[in-house]
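A closer look at the structure
Letter by letter, the chains look like this.
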Amino acid sequence: MSRSAHPAGPRHADVLPEGHYAAPPTDLNALDAKVWSRTATRTAEGVVRMGGIEVTRLAEEFGTPAYFVDEADFRARCRAWRDAFGADADVFYAGKAFLSRAVVRWLHEEGLNLDVCSGGELATALAAGMPAERIAFHGNNKTEGEIERAVEVGVGRIVLDSFQEIVRVAHVAERLGKRQRVQIRVTVGVEAHTHEFIATAHEDQKFGIALAGGQAAEAVRRALKLDGLELIGIHSHIGSQIFDMAGFEVSARRVVQLLAEVRDEHGVELPEIDLGGGLGIAYTSDDDPREPHEIAAALNEIVGRECAAAKLSTPRISVEPGRAIVGPTAFTLYEVGTIKPLDGLRTYVSVDGGMSDNIRTALYDAEYTVALVSRSSDAEPMLVRVVGKHCESGDIVVRDAFLPADLAPGDLIAVPATGAYCRSMASNYNHALRPPVVAVDDGAARVIVRRETEEDLLRLDVG
Ligand SMILES: Cc1ncc(COP(=O)(O)O)c(C=O)c1O
Ligand SMILES: N[C@@H](CCCC[NH3+])C(=O)O
């Protein structure tokens, strides 16, 4: 998808390949470093390896479909974000992109904090030893139980998303004899350039409290009056898979304006602002994501400038990247099943997974690339659509791509950049068994989330 903003839903049988796939790539064996994880290479024998292990070995040991995550790359990206923002800022990894106990440990070891948005994510974070004070709790409709747990364990902040929640969190905190640190999530009225389903800062949607009409200022007024709350700052998240920094700049400017209004009205300078996540990654060679240091420089510059103009001391900044950390670090490995050439149209290549392990193509018209990875090939490029095995014609993994014309059942193909929002949005549609996540590093591979089994499904089905 990246930049495309097509409405989701069924599409006509378009005959010509779209966008960047209008021409086949010159070398089908090449792995574009932009979309593959850092340790992915093709050996002289033609097999792709990651973390020092060939995909053929990975498939033998762990089966397909499966997600393989490059641990060294994940850790390096955490460090790049942490170093770019420095000691005076905080980086919260957004767990919704992909969360497991191993991931929590990596984050902890690399000095990142964690944003969770459900009781399940909170439980995973705590089970893996993330200190509660380094956890931020999000959500537009947190349950009473979730709020209670978060306050009880002492999360570093709860991000308040509605007027009701301001009161709810304050009551829970008072009842538990605590003062909960909170931020207020505001909607800044920015139209982020991304798919409409993942834009979150325009006014007509469910998240946050609008700056417009003085609603956010009213939320601050109410929060400051409640003993159970310690209001530490303002939060804004404008959407996801965004490349253009302009939206973040407008958002930072408006959040700082609110801080100035709060100072003028209450004589209080709120010490923190969170500018959310949402930075785009390369799904195809056409995407050009920003590096963390460029993002940090742009955000620091705009916040510093606006604060100076408003005569405010610069607040502590935090950000919440999810996709930009985990997205590029993993690929999904599939085995090719049936191959159906449709004369004058394209060839349908069916794999042993599909929309149950990657819903993003069906949901957002997401674009992906794909490569033959169990061998190299000098065959001519063939226009393909990679589809899954589900009972749904919209079950598309890669809409338009080229693979070598000698592709055969049993070959392994991989879709890179599937680390974010694939396993975390996976489903059991058609009673599919959700694939495992395997961490690969320095010649060793280990399962961090195991494959589901038929027994798992039957255990849930209590008859
Ligand atoms: C509040 C909040 N923070 C952070 C993120 C992470 O976004 P991304 O994975 O695009 O960086 C999201 C999801 O869009 C979010 O809703
Ligand atoms: N699930 C979306 C991103 C939503 C981000 C969560 N607020 C995606 O795959 O692109």
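Values in this document were obtained by computation on a predicted structure and should not be read as measured data.

**Brief notes about the overall build of the protein chain**
Check the secondary structure of the protein chain and you find 12 helices and 21 strands. In the protein chain, buried positions account for 56% of the 463 residues. In the protein chain, the proportion of contacts linking residues at least 24 apart, taken out of those at least 6 apart, comes to 71%. Summed over all atoms, the accessible surface of the protein chain reaches about 18,700 Å², with 50% contributed by carbon and sulfur. Taking the average location of the 49 positive side-chain charges in the protein chain and that of its 69 negative ones, the two points are 4 Å from each other.

**Remarks on the site of ligand 2**
Around ligand 2 sit 8 residues in total, of which Arg 323, Arg 360, Tyr 364, Tyr 421 and Met 425 are the nearest. Contact between ligand 2 and Arg 360: an oxygen atom at 2.5 Å from a side-chain N or O atom of the residue. A distance of 2.8 Å separates a nitrogen atom of ligand 2 from a polar side-chain atom of Tyr 364. Broken down by class, the residue content of the shell around ligand 2 amounts to 4 nonpolar, 1 polar and 3 charged.

**Notes on the UniProt feature "domain: Orn/DAP/Arg decarboxylase 2 C-terminal" (unreviewed entry) in the protein chain**
UniProt's entry tags residues 333–419 with the feature "domain: Orn/DAP/Arg decarboxylase 2 C-terminal" (unreviewed entry), counted in the numbering of this structure. Taken as a whole, residues 333–419 contains 6% helix and 43% strand, while its terminal C-alpha atoms sit 12 Å from one another.

**Focus on the site of ligand 1**
Taken together, 15 residues form the shell around ligand 1, and within it His 237, Ser 240, Gly 278, Glu 320 and Tyr 421 come nearest. One of the backbone N or O atoms of Gly 322 is found 2.9 Å from an oxygen atom in ligand 1. Taken by itself ligand 1 offers 390 Å² of open surface, and the protein chains cover 93% of this.

**Quick notes on unusual backbone geometry**
The linkage connecting Thr 64 with the following residue, Pro 65, adopts the cis geometry, with an omega of -10 degrees. Structurally, Pro 65 is set in the loop between helix 1 (55–62) and strand 4 (66–70). In the Ramachandran plot, Asn 430 falls in the positive-phi region, its phi being about 60 degrees despite a non-glycine side chain. Among the secondary structure elements, Asn 430 is positioned in the loop between strand 19 (412–416) and strand 20 (437–441). Here Asp 442, not a glycine, exhibits a phi torsion of approximately 50 degrees, which is positive. Of note, Asp 442 is situated in the loop between strand 20 and strand 21 (444–449). A residue is classified by how much of its surface remains accessible, and Asp 442, at 72% relative accessible area, is exposed.

**With respect to the sheet that holds strand 3 (residues 53–54)**
Judged by pairing direction, the sheet is antiparallel, and its 3 strands sit side by side in the order 1-2-3 without closing on themselves. The open sheet has two edge strands with one neighbour each: strand 1 (41–42) and strand 3. Here 2 bridges tie strand 1 to strand 2 (residues 48–50), and the two strands are oriented antiparallel to one another. Within the sheet, the bridge partner assigned to Thr 41 lies in strand 2 and is Arg 49.

**Some points on helix 4 (residues 119–127)**
For helix 4, every residue scored as buried is listed here: Glu 121, Leu 122 and Ala 125. Buried residues in helix 4, looked at end-on, bunch into an arc of 100 degrees, giving them a common side. The first or second residue beyond helix 4 is Gly 129, which carries a positive phi of 90 degrees.

What counts and how
- Residues numbered from 1 in each chain as written.
- Chains lettered and ligands numbered in written order.
- Predicted model: local features only at pLDDT ≥ 70, side-chain atom pairs only at ≥ 80, totals over all residues.
- Heavy atoms only, no water.
- Helix = DSSP H or I, 4+ residues; strand = E, 2+ residues; numbered from the N terminus.
- Buried < 20%, exposed > 50% of the residue type's maximum accessible area, 1.4 Å probe, protein only.
- Contact = heavy atoms within 4.5 Å.
- Areas by Shrake-Rupley, 256 points an atom, 1.4 Å probe, with all protein chains shown as cover.
- Lys, Arg positive; Asp, Glu negative; His and termini not counted.
- Charge placed at Lys NZ, Arg CZ, Asp CG, Glu CD.
- Near = heavy atom within 4 Å.
- Polar contact = N/O pair within 3.5 Å; in protein donor to acceptor, adjacent residues only side chain to side chain.
- Nonpolar A, V, L, I, M, F, W, Y, C, P; charged D, E, K, R; others polar.
- UniProt positions renumbered as here; feature names shortened; annotations may be inferred.
- Pairing = 2+ DSSP bridges.
- Arc of directions from axis to C-beta.

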